[in-house]
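Residues per chain are reported as follows:
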Amino acid sequence: RTSVSAFRWARSRRRTIDVTRPRRARGPVACLVVVVVTASVSACHGEAAEARRAEAGRLTRATETLRDAPNDGKRPRLLALEGLACSATDLCALQKTCVAAYSLHVDALDGLAAIRLATADACTPVPESAAELLSRSEAALRRAAALAAQCADLEGQARRRYAL
């Protein structure tokens, strides 16, 4: 009988000291682990959001300087806007719309400048192609104005979304 009770005692002791089953972390250690994991995950999300916000700031600033530039200074600012990188879909839509609007605008202004140059001399007759170029330039300016309004709307949405 003593061997059976000794066996039961050893068996009961083995359960409390069993190294094959891992101990659960409790108390301050478990809380520290949870805090560290949560902080590292939120830091990753915070960095990505901050990068998108910085990108939005660069795009909205480039769009604003392009819109406020005088007509003869729009081309370099348009090229600068085209050269900016975009990763978020809403920011890429902003960039694409604004580049399309101001490309039309700059091309129409170039057409009007060509017409002015062709009609500058009072002694020379006006070329027949000038009327066609004028109508194309006016139509391009109308399309550019509509796209510029969309560009301004998208810029406002980006400023509100990214709190700029």
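Before any of the text, the structure's been laid out above.
Residues numbered from 1 in each chain as written. Predicted model: local features only at pLDDT ≥ 70, side-chain atom pairs only at ≥ 80, totals over all residues. Heavy atoms only, no water.

1. Observations regarding unusual backbone geometry
Note the following rule: The secondary structure listing takes helices from DSSP runs of H or I that are at least 4 residues long and strands from runs of E that are at least 2 residues long, numbered from the N terminus.
We note that Ala163 has phi near 50°; this positive angle belongs to a residue other than glycine. Note on placement: Ala163 falls in the segment after α5 (129-161).

2. Details of the state of the cysteines
In plain terms, the rule: In this description, a disulfide is simply a cysteine sulfur pair whose atoms lie within 2.5 Å. For every residue, the accessible area obtained with a 1.4 Å probe (protein chains only) is divided by the maximum for its type, and the residue is called buried under 20%, exposed over 50%, and partly exposed between those limits.
All told, the structure shown has 2 disulfides when counted by the stated rule. The side chain of Cys86 participates in a disulfide bridge whose partner is Cys92; the two sulfur atoms lie 2.1 Å from each other. Here the disulfide of Cys86 and Cys92 is right-handed, its torsion about the S-S bond being about 110°. Accessibility expressed as a relative area gives 24% for Cys92, which makes it partly exposed. Shown here is the disulfide that connects Cys98 with Cys151, its sulfur atoms set 1.8 Å apart. Every disulfide takes its handedness from the sign of the S-S torsion; for Cys98 and Cys151 that torsion is 90°, giving right-handed. Pair noted here: Cys98 is in helix α4 (residues 89-118) and Cys151 is in helix α5, with a separation of 53 residues, a long-range link. Under the relative-accessibility criterion, Cys151 is labelled buried at 1%. Counting only the cysteines that take part in disulfides, in the order they occur along the protein chain, gives the pairing 1-2, 3-4.

3. Notes on the packing of helix α3 (residues 74-83) against α4
When two helices pack together, you describe them by how their axes are tilted relative to each other and by the distance separating the axes. Here is the rule: Only the contacting stretch of a helix is used when fitting its axis, a line to C-alpha atoms as for every element, and angles between N-to-C directions run 0 to 180 degrees. Relative orientations are named as follows: roughly parallel for angles under 35 degrees, roughly antiparallel for angles over 145 degrees, roughly perpendicular for angles from 65 to 115 degrees, and oblique for any other angle. Two helices that cross are described as forming a left-handed crossing if the nearer one is turned anticlockwise from the farther one by less than a right angle, and a right-handed crossing if clockwise. Here, residues are in contact when the closest pair of their heavy atoms is within 4.5 Å. Residue polarity is assigned by list, with Asp, Glu, Lys and Arg as charged and Ala, Val, Leu, Ile, Met, Phe, Trp, Tyr, Cys and Pro as nonpolar; anything else, Gly included, falls into the polar class.
At their nearest, the axes of α3 and α4 sit 10 Å apart, and the two run at 155° to each other. On the basis of the axis angle, α3 is roughly antiparallel to α4. Along this stretch, α3 crosses α4, giving a crossing that reads as left-handed. On the side of α3, the interface is formed by Lys74, Arg75, Leu78, Leu81 and Glu82, while α4 contributes Gln95, Cys98, Val99, Tyr102, Ser103, His105, Val106, Asp107 and Asp110. Its residues assigned to classes, the contact of α3 with α4 shows 6 nonpolar, 3 polar and 5 charged.

4. Quick notes on the environment of Arg75
Condition: What qualifies as a polar contact is a pair of N or O atoms within 3.5 Å, subject to a donor-acceptor requirement within protein and to the restriction that residues adjacent in sequence count only when both atoms come from side chains.
Looking at the element boundaries, Arg75 is found in helix α3. When the C-alpha atoms of Arg75 and Tyr102 are compared, they prove to be 8.5 Å apart, with 27 residues separating the residues in sequence. Ignoring any residue separated from it by four or fewer positions in sequence, one finds Arg75 in contact with Val106, Asp107 and Asp110. Reaching out from Arg75, the side chain makes a polar contact with the side chain of Asp110 at a distance of 2.3 Å.

5. So, the environment of Ala139
When you line up the elements, Ala139 lands in helix α5. A residue is classified by how much of its surface remains accessible, and Ala139, at 23% relative accessible area, is partly exposed.

6. Considering the pattern of salt bridges
Threshold: Salt bridges are identified by distance alone: a Lys or Arg side-chain nitrogen within 4 Å of an Asp or Glu carboxyl oxygen.
This structure, assessed with the given rule, holds 7 salt bridges. Between Arg67 and Glu155 there is a salt bridge whose closest N-O contact spans 2.6 Å. Placement of the pair is Arg67 in helix α2 (residues 28-68) and Glu155 in helix α5, with a sequence separation of 88 residues. We note a salt bridge from Arg75 to Asp110, for which the minimum N-O separation is 2.3 Å. Residue Arg75 is located in helix α3, and its partner Asp110 is located in helix α4; the two are separated by 35 residues in the primary sequence. Residue Arg75 is classed as partly exposed on the basis of its relative accessible area of 37%.

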